[in-house]
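Commentary on secondary and tertiary structure
One-letter residues, chain by chain:
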Amino acid sequence: MATENPFKSILKTLERPDGGEFGKYYSLPALNDPRIDKLPYSIKILLESAIRNCDEFQVKTKDVEKIIDWENLAPKQVEIPFKPARVLLQDFTGVPAVVDLACMRDAMNKLGGDSNKINPLVPVDLVIDHSVQVDVARSENAVQANMELEFRRNKERFAFLKWGSNAFHNMLVVPPGSGIVHQVNLEYLGRVVFNTQGMLYPDSVVGTDSHTTMIDGLGVAGWGVGGIEAEAAMLGQPMSMVLPGVVGFKLSGKLRDGVTATDLVLTVTQMLRKHGVVGKFVEFYGEGMSELSLADRATIANMSPEYGATMGFFPVDHVTLQYLKLTGRSDDTVSMIESYLRANKMFIDYSEPQSERVYSSYLGLNLEDVEPCMSGPKRPHDRVPLREMKADWHSCLDNKVGFKGFAIPKESQSKVAEFAFHGTPAQLRHGDVVIAAITSCTNTSNPSVMLGAALVAKKACELGLEVKPWIKTSLAPGSGVVTKYLQNSGLQKYLNQLGFHIVGYGCTTCIGNSGDIDDAVAAAITENDIVAAAVLSGNRNFEGRVHPLTRANYLASPPLVVAYAIAGTVDIDFETEPVGVGKDGMKIFLRDIWPSNEEVAHVVQTNVLPDMFKATYQAITKGNPMWNQLSVPSSTLYDWDPSSTYIHEPPYFKDMIMSPPGPHGVKGAYCLLNFGDSITTDHISPAGSIHKDSPAAKYLIERGVDRRDFNSYGSRRGNDEIMARGTFANIRLVNKLLNGEVGPKTIHIPTGEKLSVFDAAMRYKSEGHNTIILAGAEYGSGSSRDWAAKGPMLLGVKAVIAKSFERIHRSNLVGMGIVPLCFKAGEDAGTLGLTGHERYTIELPSSVSEIRPGQDVTVVTDSGKSFTCTVRFDTEVELAYFDHGGILQYVIRNLINARQ
């Protein structure tokens, strides 16, 4: 059982500069251990948390010692517990989290426990930001029109979240229309240092969105976890993690004129991806830090998932403090933050000599070497220098189908598709832009690139340039602050003139909420097999994510999004070809409309003001009339409506008893799907639109839902029936069992019949057969999506055998009772001669005490082949989850047992 904190002797009082005291804190210097001075700043945050939460039960003294000895132990993959200071949710992940909490209350009730024990024990911040569809664009009325549609579609979900904010303690819900979760976190929710009832400690956060890492730019340790892990953290369970290696990334110099923070982050992403940082922290340092604004740092931190790191961390320094003041944090709060971090030697003062830090490995970048670039057409780490863009595009047309290829025959590459747009003759060619979106917290939180885009628009309008009317242009700010400074600068009108009207506040095109493109444009693309392009200032461009009809998707800075919208094609060399023809017939080049760094800096300094942040966030929790009119019940147990197509009670705790079921092997399983490399969570559990011929669509139509009200998979994550049907429903799915055919189908092996993945899975279940999945490298990369684990579990998948897993997804599979296994180095399904038509048996010991993290097991097939795999239970705690049938069952049993 828990005992008194053994580190109480280092509990000190933090004095105010003007007398009095801020509160108590655990002093790292008071340990008098020279190893602590050499620790990376990010590791010090883990250390402080372990010391403060040490009770010799959930967190032990030996765990604290492991972290102090990080330099020696990090290479050895040792396990440590971590208790974050808070949890961050957005609505796509927040709804299933609240559904699970409501279900857990019901389960506690049925098992004789106190259901009110199911409550967040740490602060939970939930921002409703993922429901904005760009239905209306290029209109002065877009914001209101889209919000009305958003509420009509999502009223039931929003009411459920509003119920949750009342039913559960310690939960703040930020209403829809407020902004993007990570920008709101950066500008408002991030505490940097907590003061809870007189106890001071660093802010740290885990979030159910992989881009939670954006807060690392503020010196707050944060990263994405699965919804399942987040729910356990909410309920006071320590997160089990492997003590990470830390890559030291030294920055020097300054960015050249005309180079943006987006160009920098795409460069850093490619460098770190090449270096290999999966499962590691990256910590930035060096004299180049003084040249990076906080917003630039946040842009780099945001894309940690794209370069594969758990965190991209920027320790707190004077730039951080200036940003806190800019965004309306009080002088007293900033004084407390600085005093605490200095006292605990967690503050960097570049005016003082720097003590040497030890890192696991080192990288460096001179900022002067960064050049304008984009990434695409299908992956965020496939960087293309802007000067090579045209040549790269033509090689993509030539190359065989893959991450950098479309296999368009030479004779078809110059094809022109003629169509009529609202009565006007129009044309489409390969590479023509049909979506241009300034979107995503990666960039909308950065005033320099947002105002830079507005300056490009101003210069373009003054020279008479226009955007073709069939290109779907949109601007989705991450907070109301962006609107304030765009209007204050007088530049919003130029963005409007080019069609970049504000469409709403939240995640839009970057997560697939791009809405429909014009029917005539869509028909021209499909009937002529045109490889159409989207250019967006986002962080993800995986196939099928942005829009089903844009096969080429490029990530670019907001100014470049505007430039490509004007040019109308990605098949252009901006150095030698004009973006358009001006009003006087003159050819206009990109250099003619591109602002200097000085121009951008001046506009930022004169228009981004503290009062804008204060005014925006003082009103943020008040909501809007549509939110405030939602009436919700006051009960603490949820009254499930069986006819609801949005909120449905899942079967996770059906027939649950107090005794854990124990570990399970897999016997005679069929292969449901056979994949290659880079299967993302978008492939496994798409968040975008529900295809009219899909099993999910059939389910909705049977329940009287009109097609125009299908909404997205992401918005229906509170309904397990739909999400099970949406599992592996991505239209770009490549399943080797189909011999080259693309789509969400598979072969039912016993009969050879081709079925939807859902129908095949249900047939296997009805026949009493288990299923497994074969996969290549990086299985489960992309967004931290709990339904990418919940869905396969509901389909009856018992194990996934892959070359490698993305960190969060592997953890989520364990949390749902699915066994993750890795082929041995140099082996995969292909080298072993596996076709996926075999039956697979995986023997595991019947007692969890006989299983070790990372042990080898033999997989036997009915074809006579057998091979060895590593079981990817990485920690003892994960083995405990597996023993209980999943993480949520483990938590419920522990809470009931603790009461007894």
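Residues numbered from 1 in each chain as written. Predicted model: local features only at pLDDT ≥ 70, side-chain atom pairs only at ≥ 80, totals over all residues. Heavy atoms only, no water.

Going by an unreviewed UniProt entry, the chain carries the name Aconitate hydratase and comes from Melia azedarach.

**Let's talk about the sheet that holds strand β12 (residues 246–252)**
The test is simple: Here, strands pair whenever DSSP counts at least two bridges between them. Numbering of helices and strands runs from the N terminus; a helix is a DSSP stretch of H or I covering at least four residues, while a strand is a stretch of E covering at least two. The angle between two axes is taken between their N-to-C directions and runs from 0 to 180 degrees, where each axis is a line fitted to C-alpha atoms and a helix contributes only its stretch in contact.
Here we have four strands laid out as an open sheet, ordered β14-β13-β12-β15, and parallel in their pairing. Strands at the two margins of the open sheet, each flanked by one partner only, are β14 (311–313) and β15 (361–366). Put simply, the sheet's adjacent strands are angled 20° from each other on average, direction ignored. Taken together, the three bridges between strand β13 (residues 281–285) and β14 define a ladder with parallel strand orientation. By the bridge assignment, F281 is partnered in β14 with M311.

**Observations regarding the nonpolar core**
The condition that has to hold: To define a nonpolar core, start from buried Ala, Val, Leu, Ile, Met, Phe, Trp, Tyr and Cys residues and group those joined through side-chain atoms within 4.5 Å. In this scheme, a residue with accessible area under 20% of its type's maximum is buried, one over 50% is exposed, and one in between is partly exposed, where area comes from a 1.4 Å probe on protein chains only.
With 285 residues, the main nonpolar core has F284 and Y779 as its most contacted residues. When residues in this core are grouped by element, the largest group, eleven residues, is from helix α5 (residues 91–110).

**Structural notes on the packing of aromatic side chains**
Let me state the cut-off plainly: Working definition: rings of Phe, Tyr and Trp (its six-membered ring) pair if their centres are within 6.5 Å, and the pair is stacked with planes under 30 degrees apart, edge-to-face with planes over 60 apart, and tilted otherwise. Lysine NZ or arginine CZ positioned within 6 Å of the ring centre and within 35 degrees of the ring normal marks a charge as sitting over the ring.
Using the criterion set out here, one finds 27 aromatic pairs in the structure. On the basis of an interplanar angle of 20° and a centroid distance of 5.3 Å, the ring pair of Y285 and Y359 is categorised as stacked. In this pair, Y285 sits in strand β13 while Y359 sits in the loop between α13 (331–343) and β15, placing the two residues 74 residues apart along the sequence. Site record: aromatic cluster; members linked through ring pairs are F160, W163, F168, Y638 and W640. In this structure, R591 is placed above the aromatic ring of F589, and the distance from its NZ or CZ to the ring centre is 4.4 Å.

**Here we look at the environment of P559**
As a reminder, the rule being used: Any two residues whose heavy atoms approach within 4.5 Å are treated as being in contact.
Mapped onto the elements of the fold, P559 is located in helix α20 (residues 558–567). Sequence-wise, P559 and T262 are 297 residues apart; in three dimensions their C-alpha atoms are separated by 9.8 Å. Sequence-distant contacts of P559, defined by excluding residues within four places in its chain, comprise V449, G452, A453, V456 and W594.

**A short note on the environment of E71**
If you trace the backbone, E71 turns up in helix α4 (residues 70–73). We classify E71 as partly exposed; its relative accessible area is 42%. A sequence separation of 290 residues divides E71 from S361, and the C-alpha atoms of the two residues are 11 Å apart. Apart from residues lying up to four places away in sequence, E71 is in contact with K38 and V358.

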